[in-house]
Amino acid sequence: MFESLTDRLSGVFRSLGGRVQLTEENIQEAMREVRLALLEADVNFKVVKDFTDTVKEKALGTLVMKGVSPAQQVIKVVNDELVHLLGGESTELKLQGQQPAVILMAGLQGSGKTTSSGKLALLLRKQKMKPYLVPADVYRPAAIEQLRTLAKQLDIPCFDSKADMKPADIVQNALMDAKEKQCTVVILDTAGRLHIDEPLMQELRTIKDIAKPQETLFVADAMTGQDAVTVADAFNQQIGITGVVLTKMDGDARGGAALSIKAVTGAPVKFVGMGEKLSEMEVFHPDRIAGRILGMGDVLTLLEKAQSTIEQEEAEALAKKMQKAKFDLEDFRTQMKRMRSMGSFESILKMIPGLGGIAKQLGEMKGHEKEIAKTEAIINSMTMKERRNPDIINPSRKVRIANGSGTKVQDVNQLLRQFDQMRKMMSGMLKGGKGKMPPMPNM
Ligand code: GDP
């Protein structure tokens, strides 16, 4: 969605690229271009003026830097100011305080509130929270059913709202039910209207008084550009918002809303909707978006996405193996290697219900590099067949493995014994049994 802005800006930077020195004059000229590019992207007029004024001032103030080309210097200043404009580091949800935490979703009809409520629940569950959904829109026919269907699809508890209930009663009862179900975060999907009107604001204020949400997220359709910003501002003045969910960023919106909302309302964009599917919502990272706008690519988001799918698939495969007690030394070795490189075995185990304790032990194991190296050396000295079927490791094989790894037969015995215990325990835990965890091999 920022393509044309990116094109325009890279043109500006290219023209600065050839300069040996930056003067007030050519910075001024560049800023004129930046201003046009931002206005064309539908960024709020005042925001554009403040932005270019600040960049100009800072770019001039840093002219003495050595070893950096003038163009790079300006890009750096523009990048920093873009990050600031997009919300700086303030975009994380703040859910401390009362339990369950409450997130109130507000916005106009059709902005994507209900869809975003479902998406947010899914995202928070991935972050190990236990979400609970509340349909409190009793006016739009089918709104309750829509959220209920999403909840069912996601297997997330949802309050059984009825169209003839008062929203305030729905919220009160839902909070009690969520508490009873030990959910950790409640997402309230409220009613939207086509325009802002006083009864709607009054209702939101009442719901806010009852629910005391830690976060009040305004859901805005990015395609509506500056209108979204104006409405966000009005909601903020009337009920107070703590953040924005910008939906339909997959469409051909020019980016003006994303770039103006924080500066106008003081509330940062916290999430962006990137499609109609429930998985299509992303945490909004100002630094990455700034990088994307400046054409530096959004490598981090890509990497993170790849990482989380791989881990989820791996966790599922491992859980299956463990359940059948088929988790063998080869699997263990693979995970140890990964753990050393990025600590991921721990996070994978955490995704398997019931194995949090083992994950914790592995976390503690990180300090024991020597022991880990020894364990790895022993496993490395085994043949693939032995790793897959540790039962075939007879005394003569043990001697060979010990010699190969520079350890003693006792070490090999200890590892095999502990691994066997660990495997049984994992399988027992996954089948619902209880028991104390044995120590990890060689710990
Ligand atoms: P509500 O009235 O605010 O609750 O809006 P809905 O959640 O019902 O969404 C209105 C329409 O926008 C639906 O057709 C959604 O599928 C669609 N929608 C919501 N979020 C996104 C998004 O991020 N991208 C796209 N392309 N469509 C979206």
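See above for the structure.
Rules used in this analysis
Residues numbered from 1 in each chain as written. Predicted model: local features only at pLDDT ≥ 70, side-chain atom pairs only at ≥ 80, totals over all residues. Pairing = 2+ DSSP bridges. Helix = DSSP H or I, 4+ residues; strand = E, 2+ residues; numbered from the N terminus. Axes fitted to C-alpha atoms, helices over the stretch in contact; angles between N-to-C directions. Buried ≥ 20, exposed ≤ 12 C-beta atoms within 10 Å, placed from the backbone. Near = placed C-beta within 6 Å. Nonpolar A, V, L, I, M, F, W, Y, C, P; charged D, E, K, R; others polar.

## A short note on the sheet that holds strand S4 (residues 215-221)
Judged by pairing direction, the sheet is mixed, and its 7 strands sit side by side in the order S2-S3-S1-S4-S5-S6-S7 without closing on themselves. The sheet is open, and its two borders are formed by strand S2 (131-135) and strand S7 (281-283), each paired with just one other strand. Recorded for the sheet is a direction-independent mean angle of 25° between the axes of neighbouring strands. With 5 bridges joining them, S4 and strand S5 (residues 243-247) adopt parallel strand pairing. Opposite alanine 220, over in S5, you have leucine 246 as the bridge partner.

## Side note on unusual backbone geometry
Note on backbone geometry: most residues besides glycine have negative phi, and most peptide bonds are trans. Along the chain, glutamine 99 connects to proline 100 via a cis peptide bond; the corresponding omega equals -10°. Take proline 100: it is sitting in the loop between helix H4 (70-85) and strand S1 (101-107). In the Ramachandran plot, aspartate 42 falls in the positive-phi region, its phi being about 70° despite a non-glycine side chain. With respect to the helices and strands, aspartate 42 occurs in the loop between helix H2 (24-40) and helix H3 (45-61). For aspartate 42, a count of 17 C-beta atoms within 10 Å translates into the label partly exposed. At lysine 212, a position not held by glycine, the phi torsion is positive, near 40°. Here lysine 212 lies in the loop between helix H8 (198-211) and S4. On the neighbour-count criterion, lysine 212 (12 C-beta atoms within 10 Å) is exposed.

## Some remarks on the site of the ligand
Inspection of the region around the ligand gives 17 residues, with Gly112, Lys113, Thr114, Thr115 and Gly273 positioned closest. A per-element tally of the shell around the ligand places helix H5 (residues 113-126) first, with 3 residues. Along the lines of polarity and charge, the residues of the shell around the ligand split into 1 nonpolar, 12 polar and 4 charged.

## A few points about the pairing of S1
Of all the 7 residues making up S1, 7 are buried; the element is thus mostly covered by neighbouring parts of the structure. What you see with S1 is no split at all: Ala101, Ile103, Met105 and Gly107 on one side and Val102, Leu104 and Ala106 on the other are buried throughout. Here S1 pairs with S4 via 5 bridges, running parallel. Bridging across to S4, isoleucine 103 finds its partner in glutamate 215.

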